[in-house]
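# Coordinates in review
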Amino acid sequence: MRTIFVTGGAGFIGSAFVRMVLERESDVAIVDYDALTYAGNMENLAGVDDTRHTFVHGDICDREAVLAAMPDGCDAVFNFAAESHVDRSITSAGEFLRTNIIGTQVLLDAARERGVRRFVQVSTDEVMGSLPDDSDEYFTEASPLQPNSPYAASKASAEFVVRAAQETFGVDAVITRCGNNYGPRQFPEKLIPLMIANAMNDEPLPVYGDGRNVRDWIYVEDHCAAIWLAYEKGRSGEAYNIGARNERYNIDVVTAILDLLGKPHSLIKYVADRLGHDRRYAIDPAKAENELGWKPSITWEAGLAATIGWYRDNQAWVDHVRSGEYREYYRKMYGATLA
Ligand SMILES: NC(=O)c1ccc[n+]([C@@H]2O[C@H](COP(=O)([O-])OP(=O)(O)OC[C@H]3O[C@@H](n4cnc5c(N)ncnc54)[C@H](O)[C@@H]3O)[C@@H](O)[C@H]2O)c1
């Protein structure tokens, strides 16, 4: 039995990863370490096999707690834990720098102390900044790191501390840089679940600027499969860009959601653009395809239908996460009150 240490496993992508690994890898046990911030939710782990999954509540910046939770000689650390929402980083960057940079350093130090074989840093395409509108340029692993938001700056900095641990101490590490994920259990502050939840409730759908920002969308399970392959087959010291070659204008994503839910386009409400809003992300995933043998398996049409279906079937989850702190956040961001 191999043990892996997963951080942020109660969040959107981390919980999908935990589910995938437990389903597919019968010889893997998981220690799942999460601080349960507003974005972490034990409901995301409902029904997982507890014989091979141990949940530990803790902060990745807390060295003693991390060391106490991380088993000696565990095979890998997968670092998903992060403050992950760009808008929140614009409002207040401090927690992003603390969790995303200091937390990564704490995990790297603990991994060395515990003799962990490999460190997998889950990064983002946003570290590479923005591409020109309507160009045929793509992010490759050779693209310079030029983050534009405090969130992206903190994730780029995390990549640098990973690199430094590798160069200085010989830590075996791989980095994945993925585009925008969508799928079940994503917190509704993010574009797709925000639009689904608002449309289901007949509330206005706030679209930034002219709606023509481009994002490269990937179904969360395809991202998780790529992270697993990077762990198993990736070369130490390398970064792998992960994307499904699925560029979409934000406004087209929003209208597709309304159409699938049978709701009118009149629910769309254009709002003032996000500060420093990156215009276009587009990923060339050729390296992951060629070196890791990875390919996305879920089409946009199938993934979006499955995602909408999940939110429709899980109204209690939606109602729960939209209560509490989220109501106040929403009021501040969009100047409107949720029903
Ligand atoms: N969502 C995307 O589209 C996307 C794309 C590429 C990369 N990523 C990266 O993937 C990772 C997961 O993203 P997500 O969308 O699932 O995020 P999320 O916000 O849904 O989940 C983050 C999780 O980390 C936990 N966490 C936050 N601070 C912590 C701390 N100090 N200590 C321990 N746990 C803490 C939260 O409780 C939560 O469970 C992040 O590192 C993010 O940068 C996300």
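Further up the page is the structure itself.
As the structure is a computational prediction, the values presented were derived from the model and not from experiment. (Residues numbered from 1 in each chain as written. Predicted model: local features only at pLDDT ≥ 70, side-chain atom pairs only at ≥ 80, totals over all residues.)

### Thoughts on unusual backbone geometry
To keep things clear, this is the line we draw: Counting from the N terminus, the helices are the DSSP runs of H or I reaching at least four residues and the strands are the DSSP runs of E reaching at least two. Partly exposed residues are those whose C-beta has more than 12 but fewer than 20 other C-beta atoms within 10 Å; with 20 or more the residue is buried, with 12 or fewer it is exposed, and the C-beta atoms are placed from the backbone.
Within the chain, L36 stands out as a residue other than glycine whose phi angle is a positive 50 degrees. For L36, the position within the fold is in the loop between β2 (28–34) and β3 (53–57). Overall, L36 belongs to the partly exposed group, with 14 C-beta atoms counted inside 10 Å. Of note in this structure, R185 is not a glycine but carries a positive phi near 70 degrees. Looking at where R185 falls in the secondary structure, it is placed in the loop between β7 (180–182) and α6 (191–200).

### Digging into the sheet that holds strand β6 (residues 173–178)
Threshold: By this definition, two strands are paired if DSSP reports at least two bridges between them. To get an axis, fit a line to the C-alpha atoms, keeping to the stretch in contact for a helix; angles then go from 0 to 180 degrees between the N-to-C directions. By definition, residue pairs are in contact when their C-beta atoms, positioned from the backbone, come within 7 Å.
Taking strand neighbours across the sheet as the criterion, the 7 strands line up as β3-β2-β1-β4-β5-β6-β10 in an open arrangement whose pairing is parallel. Because the sheet does not close on itself, it has two edges, and the strands there are β3 and β10 (239–242). Taking the axes of each pair of neighbouring strands and ignoring which way they run, one obtains an average angle of 20 degrees across the sheet. Pairing of strand β5 (residues 118–124) with β6 involves 6 bridges; the strand directions are parallel. In the sheet register, F119 faces β6, and the bridge partner there is A173. The strands that helix α1 (residues 12–24) touches are β1 (2–7), β2, β3 and β4 (76–79); relative to β2, the one it contacts most, it runs at about 165 degrees.

### Comments concerning the site of the ligand
This is how the line gets drawn: Placing a C-beta atom from the backbone of each residue, we mark the residue near a molecule or strand if the atom is within 6 Å of it.
Inspection of the region around the ligand gives 30 residues, with G8, G11, A39, G40 and A82 positioned closest. Listed by contribution, the elements that provide at least two residues to the shell around the ligand are α1, α4 (94–113), β5 and β7. Ranked by residues supplied to the shell around the ligand, first place goes to α1 with 3 residues.

### What about the pairing of β1?
Where β1 meets β2, 6 bridges bridge the pair, whose relative direction is parallel. Of the residues in β2, the one forming a bridge with T3 is A29.

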